[in-house]
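# Breakdown of the fold
So the chains spell out like this:
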Amino acid sequence: KLNPPDGRVAKGGEEAALSYLRRHAATVLPDQLAPWFSLGCLSLRESYWRVKKAMHKQAATFYDELLWRDFYRYSVSLNSSQ
């Protein structure tokens, strides 16, 4: 099983991702949304604007973390052996 140690089970899909984002927009970090990002259930652009609306000044940090996330994914894809 791939359930977290505290017993929570992440639900998939766009509805679950948007619901989570609505409830936690003021405190969410990109790595908490990573499962939905990686499966294409949640748009980076949409999540950024929702977080910016909720967090205002802290949205810059969220944006920076999104940029680093994509930079590392891109770097790994370039340097991975196939």
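Residues numbered from 1 in each chain as written. Predicted model: local features only at pLDDT ≥ 70, side-chain atom pairs only at ≥ 80, totals over all residues. Heavy atoms only, no water.

Leu21, Val28, Leu33, Trp36, Leu42, Val51 and Phe62 are the most contacted members of the largest nonpolar core, which totals 17 residues. The set of elements that each furnish at least two residues to this core consists of α1 (14–24), α2 (30–38), α3 (44–55) and α4 (59–79). Sorting elements by how many residues they give to this core places α1 first, with 5 residues. Setting aside residues no more than four positions away along its own chain, valine 51 makes contact with Leu21, Ala25, Val28, His56 and Phe62. (Core = buried A, V, L, I, M, F, W, Y, C linked by side-chain atoms within 4.5 Å. Buried < 20%, exposed > 50% of the residue type's maximum accessible area, 1.4 Å probe, protein only. Helix = DSSP H or I, 4+ residues; strand = E, 2+ residues; numbered from the N terminus. Contact = heavy atoms within 4.5 Å.)

For any two helices packed against each other, one specifies the crossing angle of their axes together with the interaxial distance. At a minimum axis distance of 9 Å, the contact between α3 and α4 shows a crossing angle of 160°. One element, α3, and the other, α4, form an angle in the roughly antiparallel class. Two packed elements cross with a definite hand, and for α3 against α4 that hand is right-handed. In this structure, α3 contributes Leu44, Ser47, Tyr48, Val51, Lys52 and Met55 to the contact, and α4 contributes Ala59, Phe62, Tyr63, Leu66, Arg69 and Asp70. (Axes fitted to C-alpha atoms, helices over the stretch in contact; angles between N-to-C directions. Parallel < 35°, antiparallel > 145°, perpendicular 65-115°, else oblique. Left-handed = near helix turned anticlockwise from the far one by under 90°.)

Moving on to the packing of aromatic side chains. Taken as a whole and judged by the stated rule, the model has 6 aromatic pairs. Seen in terms of ring centroids, tryptophan 68 and phenylalanine 71 are 5.5 Å apart; in terms of plane orientation they differ by 85°. Their pairing is edge-to-face. A residue pair is termed a helical-turn pair when its members lie 3 or 4 positions apart in one helix, as tryptophan 68 and phenylalanine 71 do in helix α4 at 3 residues. An aromatic cluster is defined as three or more aromatic residues linked by ring pairs; in this entry it consists of Tyr48, Trp49 and Tyr63. (Phe/Tyr/Trp six-rings, centres within 6.5 Å; stacked < 30°, edge-to-face > 60°.)

Before going further, it helps to examine the pattern of salt bridges. This structure, assessed with the given rule, holds 2 salt bridges. The shortest N-O distance in the salt bridge between glutamate 46 and arginine 50 comes to 3.1 Å. Placement of the pair is glutamate 46 and arginine 50 together in helix α3, with a separation of 4 residues, close to one helical turn. For the salt bridge of arginine 69 with aspartate 70, the shortest nitrogen-to-oxygen distance reads 3.0 Å. For arginine 69, a relative accessible area of 17% translates into the label buried. (Salt bridge = Lys/Arg side-chain N within 4 Å of Asp/Glu carboxyl O.)

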